Amino acid sequence: MAKSPSHKFGQIIGNLLEDIIYPFLNEFAKRNGCYVDKAGNRGGARSGKKVTWTDRYGNSHDLDFVLEKDGTGDKQGRPLAFIEAAWRRYTKHSKNKAQEIQGAILPIAENYAWDAPFLGAVIAGEFTSASIKQMESVGFTVLYFSYQSILSSFNEVGIDVSFDESTPDERFDECVKSLEDLSEEKWDRIKASLVSINEEEIKTFMGKLSVALERKIEKILVVPLFGKSYEFLSIADAKHFLCSDFDASVEKGFKKIEVVVVYSNGDKVDGVFHTVEKADEFLNYACK
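Residues numbered from 1 in each chain as written. Predicted model: local features only at pLDDT ≥ 70, side-chain atom pairs only at ≥ 80, totals over all residues. Heavy atoms only, no water.

K.L.:
Even after reading the chapter, I still don't get the packing of aromatic side chains, so can you show me in this structure?
P.N.:
Given two aromatic rings, one states the distance between the centres and the angle between the planes to describe the pair. If you walk through the whole model with that rule in mind, you get 14 aromatic pairs. Ring plane angle 55 degrees and centroid distance 6.5 Å describe the contact between Phe82 and Tyr112, whose orientation is recorded as tilted. Of this pair, Phe82 sits in strand 5 (residues 78-88) while Tyr112 sits in the loop between helix 2 (94-111) and strand 6 (118-125); the two residues are 30 residues apart in sequence, bridging distant segments of the chain. Note on Phe82: relative accessible area 0%, which makes it buried. For the ring pair Phe154 and Trp187, a centre distance of 6.0 Å and an interplane angle of 85 degrees mean the geometry is edge-to-face. In this pair, Phe154 is assigned in helix 4 (residues 147-155) and Trp187 in helix 6 (residues 184-197), connecting sequence segments 33 residues apart. (Phe/Tyr/Trp six-rings, centres within 6.5 Å; stacked < 30°, edge-to-face > 60°. Helix = DSSP H or I, 4+ residues; strand = E, 2+ residues; numbered from the N terminus. Buried < 20%, exposed > 50% of the residue type's maximum accessible area, 1.4 Å probe, protein only.)

The structure is reproduced here in structure tokens:
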């Protein structure tokens with residue numbers, strides 16, 4: 001099935017966003033000794049050109065960027081950051097896109113909870129403040145290129161990319177063809193303009209990424225839990241046990257250990273373990 005001109009335009013803008021943010025991520029990776037993976041050939045670390053990671057349910061998702069600790073061209077490292085790029089022209093679609101990003105990234109992040117990866121969304125077009133706040137509320141850092149900044153950047157090379165739902169496919173198709181024929185020099189002008197207009201937003205996003213990935217361990221909490229479990233069928237019986245029969249001073253056998261690692265930026269990773277060996281394994285991983 002042939003793709004519509006609007007769909008092709010969306011792909012072009014999506015690729016533009018990736019081209020803009022990649023140099024910033026790559027420079028950050030070089031400075032901090034990590035690896036940034038994006039679509040394309042990589043080497044022995046993966047087959048094919050897609051950046052694919054698996055969520056906690058065993059489902060695979062193709063991602064735009066992943067920053068990895070100890071990653072190389074031939075070895076996949078531990079995930080430090082998952083970052084997605086997306087374009088939406090109309091605000092009525094922005095919430096669905098926000099949910100789509102969350103639906104893909106959050107289960108992957110849960111699968112790598114011991115790494116507490118940074119979650120980023122690079123979005124452009126028309127997004128409501130509610131859709132942005134929705135992503136931020138579940139842990140995403142959002143870099144937003146407004147629709148007006150997109151229009152202004154393309155105007156730099158004399159191309160009007162302002163469209164709405166009444167725009168005929170023929171005009172849309174003409175615009176897409178003109179974009180596909182743009183010289184590298186003109187694409188560089190568009191990118192430079194978009195970066196200049198959104199300089200502060202990019203700086204803020206990269207600053208938050210830096211804080212997240214350069215975090216230090218602030219403290220480690222180890223909470224051993226002792227005692228057997230008691231089951232009650234009513235609140236009254238439970239309260240009677242707590243107030244009359246329970247002796248908190250008597251330890252009645254090891255049950256489990258809760259371990260919490262707190263970082264300098266407020267992040268934390270935790271786990272509950274039923275053996276000392278498993279708790280030690282967690283600490284070796286989380287504190288490496």
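K.L.:
When you look at unusual backbone geometry in this model, what are you seeing that I'm missing?
P.N.:
The phi torsion of most residues other than glycine is negative, and most of the peptide bonds are trans. With a phi close to 65 degrees, Asp70 is a non-glycine residue in the positive phi region. Along the chain, Asp70 falls in the loop between strand 4 (65-69) and strand 5. Taking relative accessible area as the criterion, Asp70 reaches 39% and is therefore assigned partly exposed. The phi torsion at Ala116 lies on the positive side, around 45 degrees, for a residue other than glycine. Positionally, Ala116 belongs in the loop between helix 2 and strand 6. The buried category is assigned to Ala116, whose relative accessible area is 17%.

K.L.:
Got a minute to help me understand the sheet that holds strand 9 (residues 254-263) in this structure?
P.N.:
Sheet strands pair via backbone hydrogen bonds, and the direction of the pair is either parallel or antiparallel. Pairing in this open sheet of three strands is antiparallel, and the strands run 8-9-10 from one edge to the other. The open sheet has two edge strands with one neighbour each: strand 8 (217-226) and strand 10 (268-273). Averaged over all neighbouring strand pairs, the angle between strand axes comes to 10 degrees, with direction disregarded. The strands that helix 9 (residues 276-286) touches are strand 8, strand 9 and strand 10; relative to strand 9, the one it contacts most, it runs at about 10 degrees. (Pairing = 2+ DSSP bridges. Axes fitted to C-alpha atoms, helices over the stretch in contact; angles between N-to-C directions. Contact = heavy atoms within 4.5 Å.)

K.L.:
Please clarify how the pairing of strand 4 should be interpreted in this entry.
P.N.:
Along strand 4, four of the five residues are buried, which leaves the element largely enclosed by surrounding structure. For strand 1 (residues 34-38) and strand 4, the ladder comprises five bridges, and the chain directions are antiparallel. Counted as the bridge partner of Lys38 is Phe65 from strand 4. One ladder, built from five bridges, connects strand 4 with strand 5; its direction is antiparallel. Pairing of Phe65 across the sheet is with Ile83, part of strand 5.

K.L.:
Teacher, can you tell me more about the sheet that holds strand 4 here?
P.N.:
Spatially, 1-4-5-6-7 is the arrangement adopted by the five strands of the open sheet, whose pairing is mixed. Looking at strand neighbours, the two that pair on one side only are strand 1 and strand 7 (140-146), the edges of this open sheet. Across the sheet, the mean angle separating the axes of adjacent strands is 15 degrees when strand polarity is ignored. With seven bridges connecting them, strand 6 and strand 7 associate as parallel partners. Its bridge partner being in strand 7, Gly125 is matched across the sheet by Ser146.

K.L.:
I keep staring at the environment of Lys177 and nothing clicks. Help me out?
P.N.:
Residue position: Lys177 is located in helix 5 (residues 169-180). We classify Lys177 as partly exposed; its relative accessible area is 47%. Here the alpha-carbon distance between Lys177 and Lys216, two residues 39 residues apart in the chain, equals 49 Å.

K.L.:
Could you clarify how one ought to interpret the pattern of salt bridges in this entry?
P.N.:
Close approach of charged atoms allows side chains with opposite charge to pair. The final tally for this structure, using the stated rule, is 12 salt bridges. Between Asp115 and Arg78 there is a salt bridge, with the nearest N and O atoms lying 2.8 Å from each other. Linking Asp115 in the loop between helix 2 and strand 6 with Arg78 in strand 5, this pair joins segments that are 37 residues apart in sequence. The class for Arg78 is buried, based on a relative accessible area of 18%. A salt bridge links Arg215 to Asp267; the nearest nitrogen and oxygen atoms lie 2.9 Å apart. Here Asp267 lies in the loop between strand 9 and strand 10 and Arg215 lies in the loop between helix 7 (199-213) and strand 8, a separation of 52 residues in the sequence. (Salt bridge = Lys/Arg side-chain N within 4 Å of Asp/Glu carboxyl O.)

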